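Architecture and fold: a report
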Amino acid sequence: MDSLFPVTLTLNGVIATHEVSQRTTLADFLRQTVGLTATHVGCEHGVCGACTVFVDGRIARACLMFAIQAEGRDIRTLEGFAGDRRMEVLQRHFHERNALQCGFCTSGMLATAHQLLEGSPDPSREEVRESLSGNFCRCTGYHAIVDATLDAAAELNAATVAPEAEPAC
Amino acid sequence: MKAAPFDYVRVSSLDELGELAAAYGDDAQVIAGGQSLVPAMAMRMARPKLLLDLCDLPGLADIRLTPDGLEIGAMVRYFELAGSPLVATHAPLVSTAVPLIAHEAIRSRGTLGGNLAHADPASEMPAVMLALGAVITVAGSTGARRIPAAEFFIGTYETALRAGEIITAITLPVALAGRRVAIDEVVRRSGDYAAVGAAFAIDLEGETVTGARLAFFAVCDRAVLAHKAAAALCGQRLGEIDPAPVLAALAQEIAPVADLHNRAETKRHLMKVLAGRLLQRLLSGEKSTHG
Ligand SMILES: Cc1cc2nc3c(=O)[nH]c(=O)nc-3n(C[C@H](O)[C@H](O)[C@H](O)COP(=O)(O)OP(=O)(O)OC[C@H]3O[C@@H](n4cnc5c(N)ncnc54)[C@H](O)[C@@H]3O)c2cc1C
Ligand code: FES
Ligand code: FES
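Reference entry: report on the structure contained in this document. (Residues numbered from 1 in each chain as written. Chains lettered and ligands numbered in written order. Predicted model: local features only at pLDDT ≥ 70, side-chain atom pairs only at ≥ 80, totals over all residues. Heavy atoms only, no water.)

1. What about the interface of chain B and chain A?
When the parts come together, some accessible area is lost, and that loss is often what is quoted as the size of the interface. Listed per partner, the contact involves 33 residues of chain B and 28 residues of chain A. Carbon and sulfur atoms make up 53% of the area that chain B and chain A hide from each other, which totals about 2,500 Å². It is Y8(B), R10(B) and R109(B) in chain B that bury the most area against chain A; as a group they hold 20% of the surface buried on that side. For the interface between chain B and chain A, the tally reads three salt bridges. Among the salt bridges present, the one from K2(B) reaches D28(A), with a minimum N-O distance of 2.6 Å. Counting across the interface, chain B meets chain A through twelve residue pairs in polar contact (both at pLDDT 80 or more). (Contact = heavy atoms within 4.5 Å. Buried area = accessible area lost by both parts, 1.4 Å probe. Salt bridge = Lys/Arg side-chain N within 4 Å of Asp/Glu carboxyl O. Polar contact = N/O pair within 3.5 Å; in protein donor to acceptor, adjacent residues only side chain to side chain.)

2. Here we look at the nonpolar core
The biggest cluster of nonpolar side chains holds 47 residues, and the ones touching the most others in it are V94(B), L116(B), M125(B), V128(B), M129(B) and L172(B). Discounting chain neighbours no more than four positions away, the residues touching M125(B) are L81(B), V94(B), A97(B), V98(B), I101(B), L112(B), N115(B) and L116(B). (Core = buried A, V, L, I, M, F, W, Y, C linked by side-chain atoms within 4.5 Å. Buried < 20%, exposed > 50% of the residue type's maximum accessible area, 1.4 Å probe, protein only.)

3. Section: the environment of P243(B)
All names here are of chain B. Examined against the element boundaries, P243 turns out to sit in helix α11 (residues 243-253). Given a relative accessible area of 34%, P243 falls into the partly exposed group. A C-alpha to C-alpha distance of 38 Å links P243 and Q35, two positions 208 residues apart in sequence. (Helix = DSSP H or I, 4+ residues; strand = E, 2+ residues; numbered from the N terminus.)

4. So, the sheet that holds strand β10 (residues 166-172) of chain B
All names here are of chain B. With antiparallel pairing, the five strands of this open sheet are ordered in space as β4-β5-β10-β6-β7. Both outer strands of the open sheet, β4 (63-66) and β7 (143-148), are each paired with one neighbouring strand and no more. Put simply, the sheet's adjacent strands are angled 25 degrees from each other on average, direction ignored. Where β4 meets strand β5 (residues 69-73), four bridges bridge the pair, whose relative direction is antiparallel. When the bridges of β5 are listed, L65 appears paired with L70. (Pairing = 2+ DSSP bridges. Axes fitted to C-alpha atoms, helices over the stretch in contact; angles between N-to-C directions.)

5. What to know about a nonpolar patch on the surface
Residues and elements named next belong to chain B. Together, M1, M43 and M45 give the surface a local cluster of nonpolar side chains, amounting to about 330 Å² of exposed area. As for its position among the elements, M45 is in the loop between α2 (37-42) and β3 (50-53). When its relative accessible area of 65% is taken as the criterion, M45 is described as exposed. (Patch = residues over 30% accessible without salt bridge, like charges linked within 9 Å, V, L, I, M, F, W, Y side chains within 5 Å. Areas by Shrake-Rupley, 256 points an atom, 1.4 Å probe, with all protein chains shown as cover.)

6. Section: the site of ligand 1
Neighbouring residues of ligand 1: 32 residues in total, closest V30(B), G34(B), Y78(B), T111(B) and S123(B). Chains contributing residues near ligand 1 are chains A and B. Residue I167(B) places a main-chain N or O atom 2.8 Å away from a nitrogen atom belonging to ligand 1. A distance of 3.3 Å is found between an oxygen atom of ligand 1 and a backbone nitrogen or oxygen belonging to D192(B). (Near = heavy atom within 4 Å.)

7. Focus: the packing of aromatic side chains
A full pass over the atoms with the stated rule returns four aromatic pairs over all chains. Ring geometry for F152(B) versus F153(B): centroids 5.1 Å apart, planes at 85 degrees, classification edge-to-face. Exposure class is identical for F152(B) and F153(B). Each is buried. Its end group placed over the ring of F79(B), R58(A) keeps NZ or CZ at 3.9 Å from the ring centre. (Phe/Tyr/Trp six-rings, centres within 6.5 Å; stacked < 30°, edge-to-face > 60°. Lys NZ or Arg CZ within 6 Å of the ring centre and 35° of its normal.)

8. Structural notes on the pattern of salt bridges
Counted by the stated rule, this structure contains 22 salt bridges over all chains. Put simply, R23(A) and D2(A) hold a salt bridge, and the shortest N to O gap is 2.6 Å. Within this pair, whereas R23(A) is found in the loop between β2 (14-20) and α1 (26-33), its partner D2(A) is found in the segment before β1 (5-11), the two being separated by 21 residues in sequence. Residue classification places R23(A) among the partly exposed residues on the basis of a relative accessible area of 24%. Across the pair K2(B) and E44(A) runs a salt bridge whose closest N-O atoms are separated by 2.6 Å. Of this pair, K2(B) sits in the segment before β1 (7-10) while E44(A) sits in the loop between α1 and β3 (52-55), which puts the two residues in different chains. Judged by its relative accessible area of 37%, K2(B) falls in the partly exposed class. Assessed through its relative accessible area of 16%, E44(A) is described here as buried.

9. Notes on unusual backbone geometry
Phi angles above zero are rare outside glycine, and E44(A) is one such case at about 60 degrees. For A218(B), which is not glycine, the phi dihedral falls at a positive 60 degrees. Looking at where A218(B) falls in the secondary structure, it is placed in the loop between β13 (208-217) and β14 (224-225).

10. Considerations on the environment of A158(A)
Positionally, A158(A) belongs in helix α5 (residues 143-160). Here A158(A) falls in the exposed class, since its relative accessible area comes to 55%.

11. Section: the packing of helix α2 (residues 85-96) of chain A against helix α3 (residues 106-119) of chain A
The geometry of a pair of packed helices is captured by two quantities: the angle between their axes and the separation between those axes. Residues and elements named next belong to chain A. At a minimum axis separation of 10 Å, α2 and α3 run at an interaxial angle of 130 degrees. Here α2 lies oblique to α3, going by the angle between them. Read as a crossing pair, α2 and α3 show a hand that is right-handed. The segment α2 lies against α3, with R86, M87, L90, Q91 and F94 engaging T106, M109, L110, A111, A113, H114, L117 and E118. Partitioning the contact of α2 with α3 into residue classes produces eight nonpolar, three polar and two charged. (Parallel < 35°, antiparallel > 145°, perpendicular 65-115°, else oblique. Left-handed = near helix turned anticlockwise from the far one by under 90°. Nonpolar A, V, L, I, M, F, W, Y, C, P; charged D, E, K, R; others polar.)

Listed below in structure tokens is the structure:
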């Protein structure tokens, strides 16, 4: 049995202290220690993107970080996006476009798409494909996922354009 | 796919790092972004007993202009390189190289120092360092050394770093007025390691090529400069460039070796295609500089 060490981090907005063994990855910590299972674990070596979470506000592979390295860091998982408008719009369009079948890749896709739209609100199809190229989907195929991301971008942009002034009667 | 047990320390000074590195010897390993080391540990190809995390070491995360050039701290992460106006102005080749590396989520964590220390022969940054004539500063218990990039990369995953030393900074001479730079690579999928890649820096005085540093990666056990090809380019005039002698010299001096995915002949062909393409892009006569 490995010895346990305390790690204090901000997890989905709440400061928390947990006991971890030093070789526990952030992904295993989130799923097994904390019980946050939106973060999936596929390849465990950085290739598939299923474990993508936000570290200090940027997407990162939770399988390529040990939980102990998260000391003092701000970690946000998909669970932490409840109520986030951009994420909700993305989720709805993934649903409407059938952009998931088994759902294994979905949280990683959503996290990556969220970061893309944050920096590039009106991406081209090529940009979306490039940005999602580090996330593997093994069952749905990518078309619907790219479509859903573009649809979400369109809706979010429509929402941010000021409504035209009502014509004076 | 779980790492073997280890101890973990966030070091706060070079002295502390030196002491722990000396006490643990080969069993100690530093961790920067972890984007190469953690997969290696997961596969148990690396089994350090002590991980020395550099993330809190002061002074390693800055980008600043010094009299010697642009100084980039070893712990500067890829996304910070990509977003830095100083890098874009003084070392645009670095900015254009970053998007070729892996994917956004990996670029959030991976560091320039970690990349160079890892010395993957198919990695972009070692070639960029050669093309720009970078100097790599390393430090250990016996003090600091400044190593030209051309002497730093020795072989696959092998560098001039000695036991207990770390990279602390990378210094890039600032871009000259007449400099044109470009990087490109052949990859199976976006974000993969290159099948063959090239990073060029070419200096012009007026219309004449006065200097060239043509670096290649994923062709042999390390990034390499093609000196003879560069010599064949010097003296040629913009808009009238004859690539033939350059490519002939290249074929003579670099004999690509096969890797897991590509035969040597494939690489030899791709190297020539890529070099021709970059020369065309840089020297066709258009005034565009960076790309
Ligand atoms: C899916 C995937 C795709 C990738 N694709 C590419 C790619 O296309 N091109 C590419 O170049 N890379 C690629 N990488 C690797 C990535 O660029 C790594 O970030 C980089 O190779 C290592 O940097 P790091 O900071 O993560 O170092 P770490 O993984 O922390 O360390 C790597 C090695 O360097 C040593 N080290 C780290 N910092 C220092 C230092 N300052 N001084 C001395 N030694 C040090 C460590 O002990 C270790 O041996 C990929 C990685 C993944 C997971
Ligand atoms: S599980 Fe982390 S990238 Fe595949
Ligand atoms: S929905 Fe099954 S892997 Fe993408």
